[in-house]
Amino acid sequence: MPSGLYVTAARWDGSYNNDANSVAWENANSLSNPVYQHRLPLHAEDLTSRRIRWSPSQATMDAEILAAVSGGLGAWAFDRYLPNNTLSRGLGLYQSSSIKSQMPWCSIIEPYMFGSTGNYATEIATLVSEFQQPHHLKIGNRPVIYIYLPMLLTNWGGDNAAGRANFRTALDALRTATVNAGLGQPIIVVMMGQARDMTYYNAYAADAMTSYSVGMSEDLDCPFSVLAARAKQYWADWAALGAKVVPLVMTGWDRRPIIERPFSYDPSQIPFDGMRQYVVYPTNEELRQHFADAVAYVNNNPTICPFPLVHAYAWNEFSEGGILAPTRGDPTGSKLAAIRDTIRRA
């Protein structure tokens, strides 16, 4: 496991199956427009000029691991789903890799994945078993876990004081079970989305705050410098609230593929409504500087940032434009090369 500062990169594995009408199938449809095919991962294949197909394998996952390692990343943070969900197939290929120990992992997990009020023992045991894996990301002996959308408490009695207390009971059970397994308490980082308040941070006794991404929906043809500045403002806002901070870094924000061809689970998106609301892709130097600023923020603010963590959006959000992974347009991984020394110096 790497030493020093750990940059975790979010993984949304919507390119690992071709099941009809699945999310990955819809993702392929959105990205099939030739205008966007420079974003495609290297395991995408052309069937026609208007339709692509995902062709993942153990070899392509192993190649991703090696690319991430060469770029200096500290861990992948997998968006988690139930085991039978097709979006879990990328994690399955990672776990079956013979070289997975080179690239640690952790979870980005919604409250429903913990179970429900009074019924969470099985899920807690599963998480602790994952924490015990030698390739799970730990700071010292404390496993890292991100809680995404901590206000979605349908399984816990709703987004109210009682629901938050019920979910806190499950998190406390996770803490106790982790310590009983011989590890330190998990480092629980809440991902607050666009909201910046302390309600869930305090209710769950979280260890730090971050976000999954920063959107720019109100801006037209937005330069990357504005997106980077907004991410940095988040860091300052979280610190001003009194939270401990895991700085978020952005690698892009351009949802035009799914604005043009929306996913069926987002009926609010009208096709082609908002096509100019995107961020211009960063130059490699802009990307390097953004990562360097986050590393410096952690190193210069040990009280605000007690954990050597930076979180990146994203490894493979191809349809949203958050991309560090090698792609058809960047097959040699020049983005990873650009940030490599900045991260390794940390």
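The coordinates are above.
Quick caveat: nothing in here was measured; it's all calculated off a predicted structure.

Conventions adopted
- Residue numbers here run from 1 along each chain, matching the order of that chain's written sequence.
- Per-residue local features are limited, in this predicted model, to residues with pLDDT of at least 70; the limit for side-chain atom pairs, both in listing and counting, is 80 or more; totals at the level of whole chains, interfaces and linings are taken over all residues.
- Just so you know, side-chain values use all the structure's heavy atoms and leave hydrogens and water out.
- Think of it this way: any DSSP run of H or I at least four residues long counts as a helix, any run of E at least two long counts as a strand, and we number them from the N terminus.
- The buried label applies to any residue whose accessible area, calculated with a 1.4 Å probe on protein chains only, is under 20% of its type's maximum; exposed applies above 50%, and partly exposed to all values in between.
- Charged-residue counts in this description rest on Lys and Arg as positive and Asp and Glu as negative, His and the chain ends being excluded.
- By convention in these notes, a salt bridge is any Lys or Arg side-chain nitrogen within 4 Å of a carboxyl oxygen on Asp or Glu.
- In protein, a polar contact requires one atom able to donate a hydrogen and another able to accept it; more generally it is a pair of N or O atoms within 3.5 Å, and residues adjacent in sequence count only if both atoms are side-chain atoms.
- In this description, contact between two residues means that some pair of their heavy atoms is separated by no more than 4.5 Å.
- Should DSSP find at least two bridges between two strands, the strands are taken to pair.
- The directions from the helix axis to the C-beta atoms are what the arc is built from.
- The span expected for a helix works out to 1.5 Å for each residue beyond the first.
- Ring pairs are drawn from Phe, Tyr and Trp, using the six-membered ring of Trp, whenever the two centres fall within 6.5 Å, and their geometry is named by plane angle: stacked under 30 degrees, edge-to-face over 60, tilted for the rest.
- Note on geometry: a ring has a charge over it if NZ (lysine) or CZ (arginine) is within 6 Å of the ring centre and within 35 degrees of the ring normal.

S.K.: Can you explain the side chain of E317? Please cite residues and give values.
M.R.: Examined against the element boundaries, E317 turns out to sit in strand β12 (residues 316-317). There is no salt bridge for the buried E317, and the closest opposite charge comes from R255, which lies 8.2 Å off by N-O distance. A distance of 2.7 Å separates a polar atom in the side chain of E317 from a polar atom in the side chain of Y212. Excluding anything up to four places from it in sequence, E317 contacts W12, D79, Y212, G322 and I323.

S.K.: Can you break down the pattern of salt bridges residue by residue, with the values?
M.R.: A side chain of one charge can pair with a side chain of the opposite charge when the charged atoms of the two come close. Applying the stated criterion across every chain, the model contains 16 salt bridges. R80 is paired through a salt bridge with E130; the nearest N and O atoms lie 2.9 Å apart. Taken together, the residues R80 in the loop between β4 (75-79) and α3 (89-95) and E130 in helix α4 (residues 121-131) connect sequence positions 50 residues apart. Residue R288 pairs with E285 through a salt bridge whose shortest N-O separation is 2.9 Å. Highlighted residues: R288 and E285, both in helix α9 (residues 284-300), separated by three residues, approximately one helical turn. Taking the relative accessible area as the measure of exposure, E285 reaches 45% and is therefore partly exposed.

S.K.: How would you explain the pairing of strand β11 (residues 309-313) if you had to name every residue and give the values?
M.R.: Where burial is concerned, most of β11 is hidden: five out of the five residues are buried. Here strand β1 (residues 6-11) runs beside β11; their pairing, made up of four bridges, is parallel. What sits directly across from Y6, in β11, is L309. Examined bridge by bridge, strand β10 (residues 248-250) and β11 share three bridges and lie parallel to one another. Within the sheet, the bridge partner assigned to L248 lies in β11 and is H311.

S.K.: Describe α4, with residues and values.
M.R.: Among all positions in α4, only I124, L127, V128, E130 and F131 are buried. Along α4, the residues classed as buried sweep out an arc of 160 degrees about the axis, all on the same side. Seen from the open side of α4, the exposed residues pointing more than 90 degrees away from its buried face are A121 and T122. Along its buried surface, α4 packs onto β5 (105-109), β6 (138-139), β7 (142-148) and α5 (161-180).

S.K.: Mind laying out helix α2 (residues 58-70), listing which residues take part and the relevant values?
M.R.: Spanning 13 residues, α2 covers 18 Å between terminal C-alpha atoms, matching the ideal 18 Å at 1.5 Å per step. Within α2, the full set of buried residues consists of M61, D62, E64, I65, A67 and A68. Sitting at the head of α2, S57 places a side-chain oxygen 3.3 Å from the backbone nitrogen of A59. Residue G72 follows α2 closely and has a positive phi angle near 85 degrees.

S.K.: Break down the packing of aromatic side chains for me, citing the residues and quoting the values.
M.R.: Following the criterion strictly, the structure yields 18 aromatic pairs and no others. When the centroid spacing of 5.3 Å and the interplanar angle of 50 degrees are considered together, the rings of Y148 and Y212 count as tilted. Placement of Y148 in strand β7 and of Y212 in the loop between β9 (208-210) and α7 (224-241) is noted, with a sequence separation of 64 residues between them. These aromatic residues form a ring-pair network of at least three members: F114, Y120, W156, F167, Y200 and Y204. R11 extends its terminal NZ or CZ atom over the ring of W76, reaching a point 4.3 Å from the ring centre. Against the face of Y278 rests R256, its NZ or CZ located 3.6 Å from the ring centre.

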